[in-house]
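What follows is each chain in one-letter form.
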Amino acid sequence: MGRVDGKVAFVTGAARGQGRAHALRLAEEGADIIAIDLCDQISSVPYAMANPGDLEETAKEVEALDRRIVTRQADVRDAAAVQAALAAGEAEVGPVDILVANAGIFSTEPSDTMAHQTWQDMIDTNLTGVWNACQAVLPGMKERRSGSMILTSSTAGIKGFPTLAHYTAAKHGVVGLMKALAGEFGQFNIRVNTVHPTSVDTNMIHNDAMYHLFRPDLENPGRDDFGQVFESLHLLPHKWVEPRDISNMVLFLASEEARYVTGMQMRVDLGYCEK
């Protein structure tokens, strides 16, 4: 018996990175998966985003674990698209027990010159997109009087980051959303928590925008240059964590081991927020 055996998880941003890792970790422990991703580019995002082939690869890897998966390209900014994807998935694999609202983007711009579209894309994806996923699953969870909602925030949901006002605002907003939902729906045995990763070894941090943000002293900073700075910010002597490290926290919050855990900000941050 797996830790989430017989359950169904709805994972957003599942084409690669943390989202794929979450889908696979939950599938390893017995869950069937409904997986969505934009699989397209947002113009204000400075790195290449996932494509349809990435989502197909997630499906193949879940199926190799002998679990069912339904995938669909859907933009979390579009509430109707999220609801339609959820309905199509539930028609195939059953009602959702677990939400992993993981879809998110990253960009960096000075606050005094930030383009309005950059701000809007961030809030629409990283905050409203989480809300859309939450609102889609809540009626079913409320009716069944059970569910675990896991919302991806960040260390930027706890601390402030220069040139990341939009990202910091969105990730703090996710915490506020979590607290409100935990209070409103606890009476229905629905648990709501946030996960706060430090830097995770994915395409979202390993790109030129992040390298230049953290190493403005170098003309052409690279992965190792970036890693040196991030290791210095952590209490534990590591540059970043792996997606599976975050997935292990997601799995815990999804499982019966966390049946009395709600309204919590769960950090997987190498001690970053304590330094």
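This one's a predicted model, so the numbers in the text were calculated from it and none came from an experiment. (Residues numbered from 1 in each chain as written. Predicted model: local features only at pLDDT ≥ 70, side-chain atom pairs only at ≥ 80, totals over all residues. Heavy atoms only, no water.)

1. Comments concerning the pairing of strand S1 (residues 8–12)
Regular strands place side chains that alternate from one sheet face to the opposite one.
Argument step 1. Of all five residues making up S1, five are buried, and the element is well covered by its neighbours.
Argument step 2. The side-chain alternation of S1 yields two buried faces, one formed by Val8, Phe10 and Thr12 and the other by Ala9 and Val11.
Argument step 3. Of the strand pairs in this sheet, S1 and strand S2 (residues 32–37) are connected by five bridges, and their pairing is parallel. Residue pairing for S2: Phe10 is matched across the bridge by Ile34.
Argument step 4. Taking the sense of rotation as the criterion, the β-α-β connection linking S1, helix H1 (residues 17–28) and S2 turns out right-handed.
Argument step 5. Sheet topology places S1 next to strand S4 (residues 98–101); three bridges connect them, and they run parallel. The residue of S4 that forms the bridge with Phe10 is Leu99. (Buried < 20%, exposed > 50% of the residue type's maximum accessible area, 1.4 Å probe, protein only. Helix = DSSP H or I, 4+ residues; strand = E, 2+ residues; numbered from the N terminus. Pairing = 2+ DSSP bridges. Right-handed = clockwise from strand over helix to strand, strands pointing away.)

2. As for the sheet that holds strand S7 (residues 265–268)
Argument step 1. The parallel open sheet is built from seven strands, whose spatial order is S3-S2-S1-S4-S5-S6-S7. The open sheet has two edge strands, strand S3 (69–73) and S7, and neither has a second partner. For this sheet, the mean angle separating the axes of adjacent strands, direction not counted, is 15°.
Argument step 2. Pairing of S4 with strand S5 (residues 147–152) involves four bridges; the strand directions are parallel. Along S5, the bridge assignment pairs Val100 with Ile150. (Axes fitted to C-alpha atoms, helices over the stretch in contact; angles between N-to-C directions.)

3. Describing the packing of aromatic side chains
Argument step 1. Applying the stated criterion across every chain, the model contains nine aromatic pairs.
Argument step 2. Ring geometry for Phe106 versus Tyr167: centroids 5.6 Å apart, planes at 75°, classification edge-to-face. Of this pair, Phe106 sits in the loop between S4 and helix H4 (116–144) while Tyr167 sits in helix H5 (residues 165–185); the two residues are 61 residues apart in sequence, bridging distant segments of the chain.
Argument step 3. Classification of Tyr167 as buried rests on a relative accessible area of 11%.
Argument step 4. Both rings, one in Phe214 and one in Phe230, keep their centres 4.7 Å apart while their planes meet at 55°; by these two values the pair is tilted. On the criterion of sequence distance, the pair formed by Phe214 in helix H6 (residues 208–214) and Phe230 in helix H7 (residues 223–233) is long-range, its members being 16 residues apart.
Argument step 5. What links up through ring pairs into an aromatic cluster is the set Phe161, Tyr211, Phe214, Phe226, Phe230, Trp240 and Tyr272. (Phe/Tyr/Trp six-rings, centres within 6.5 Å; stacked < 30°, edge-to-face > 60°.)

4. Description of the environment of Ala59
Argument step 1. Note that Ala59 resides in helix H2 (residues 52–63).
Argument step 2. Apart from residues lying up to four places away in sequence, Ala59 is in contact with Ile69 and Thr71. (Contact = heavy atoms within 4.5 Å.)

5. Observations regarding H7
Argument step 1. Turning to H7, its buried residues are Phe226, Gly227, Val229 and Phe230. Summarising the axial view, the buried residues of H7 lie within an arc of 165°, below the 170-degree limit, and thus occupy one face. Structural note: H7 exposes Asp224 and Gln228 on the side pointing more than 90 degrees away from its buried face.
Argument step 2. Of the surrounding elements, those touching the buried residues of H7 are H6. (Arc of directions from axis to C-beta.)

Functional significance is not addressed by these values, which are geometric in nature.
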